[in-house]
Amino acid sequence: MKMKLVPAVLMVAALGLAGCGDGDGNGGGEASTDLEVTGTDSLEFEPDSYTVPAGEEVTVTLTSGGVEHDFIIEDVDGGDVEVVHADANESETGTFTIDDAGTYTVYCSVPGHREAGMEASLEVVDEG
Ligand SMILES: [Cu+2]
């Protein structure tokens, strides 16, 4: 009897996760003006891809784990844009607006983090 319980629990957990991922607009190809990002202790952005609309203000809420992180967008109109920085175990909010559609790179500027692979992909789309 106990053996049968395990797969059932896993299935419920999987369904629950899928449900949470729906409609949040992060990484699903649907543009969102509200990004919830976690900077993990293993130096990753979670999630690590975002889609936002061109020409609209986007709010980023960055939550750091046990290590500080920031959220920088590389090469926007020739310069990097620091959107938000969150100290360890803190959550901070910042905003940005990008007018030109395209694919941008997000990185963390805390020393060593980007070198460890702390990057994400930001898709800016014209919604017409
Ligand atoms: Cu970082």
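Residues numbered from 1 in each chain as written. Predicted model: local features only at pLDDT ≥ 70, side-chain atom pairs only at ≥ 80, totals over all residues.

Caption draft 1: Molecular detail of the sheet that holds strand E3 (residues 49-53). Taken in spatial order, the five strands of this open sheet run E3-E9-E8-E5-E6, and their pairing is mixed. Single-partner strands in this sheet number two, and they are E3 and strand E6 (79-86). Adjacent strand axes in the sheet meet at a mean angle of 25°, parallel and antiparallel pairs treated alike. The pairing of strand E5 (residues 69-76) with strand E8 (residues 102-107) spans two bridges and is antiparallel. The residue of E8 that forms the bridge with Ile73 is Val106. (Pairing = 2+ DSSP bridges. Helix = DSSP H or I, 4+ residues; strand = E, 2+ residues; numbered from the N terminus. Axes fitted to C-alpha atoms, helices over the stretch in contact; angles between N-to-C directions.)

Caption draft 2: Summary view of the sheet that holds strand E1 (residues 34-39). The four strands are arranged E2-E1-E4-E7 in an open sheet whose pairing can be described as mixed. Looking at which strands have only one partner, the edges of the open sheet turn out to be strand E2 (45-46) and strand E7 (91-96). Inspection of the sheet shows strand E4 (residues 58-64) paired to E7 by six bridges, in the antiparallel sense. Paired with Leu62 across the bridge in E7 is Glu92.

Caption draft 3: Looking closely at the environment of Val58. Position of Val58 among the secondary structure elements: in strand E4. Separated by 38 residues in the primary sequence, Val58 and Phe96 have C-alpha atoms spaced 5.4 Å apart. The contacts of Val58, once residues within four sequence positions are left out, are Thr33, Leu35, Val52, Thr95, Phe96 and Thr97. (Contact = placed C-beta atoms within 7 Å.)

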